[in-house]
Amino acid sequence: MAFKLTYTDGQESDYDDGTKWDVDGGVLKLGREDGDWTVFVSPGHWATIELTKKNDKKEKDDKDGNEDKNGNDDG
């Protein structure tokens, strides 16, 4: 499942469905396969993990644009 990672300094990074993750003792582990971790983030450097839908950006753009599927303005 896609997710957004927020670091303690406020920086945000979005990850797609291809990125696996786990938290072990506060350490965030990231990789392309479960158990084959390539990145480790210490508990003092990450703040939150938000699960997201893969198409969240598209859905937000659709709502902000106020257009229906035919490109007509709803407002």
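Now for a description of the structure that goes with this document. (Residues numbered from 1 in each chain as written. Predicted model: local features only at pLDDT ≥ 70, side-chain atom pairs only at ≥ 80, totals over all residues. Heavy atoms only, no water.)

### A short note on the pattern of salt bridges
Within the structure shown, the criterion is met by four salt bridges. Across the pair R32 and D16 runs a salt bridge whose closest N-O atoms are separated by 3.2 Å. Of this pair, R32 sits in the loop between β4 (27-31) and β5 (39-41) while D16 is found in the loop between β2 (12-15) and β3 (20-24), placing the two residues 16 residues apart along the sequence. Using a relative accessible area of 40% as the deciding quantity, one classes D16 as partly exposed. In this structure, the salt-bridge partner of K29 is D24, at a minimum N-O distance of 3.6 Å. Given a relative accessible area of 12%, K29 falls into the buried group. One continuous salt-bridge network, built from bridges that share partners, spans D22, D24 and K29. (Salt bridge = Lys/Arg side-chain N within 4 Å of Asp/Glu carboxyl O. Helix = DSSP H or I, 4+ residues; strand = E, 2+ residues; numbered from the N terminus. Buried < 20%, exposed > 50% of the residue type's maximum accessible area, 1.4 Å probe, protein only.)

### Looking at the nonpolar core
One finds F3, L5, Y7, L28, L30, V41 and W46 forming the largest nonpolar core, which totals seven residues. If you list the elements that add at least two residues to this core, you get β1 (3-7) and β4. Top element by residues in this core is β1. It accounts for three residues. Setting aside chain neighbours within four positions, we find L30 in contact with F3, Y15, T19, K20, W21, W37, T38 and V39. (Core = buried A, V, L, I, M, F, W, Y, C linked by side-chain atoms within 4.5 Å. Contact = heavy atoms within 4.5 Å.)

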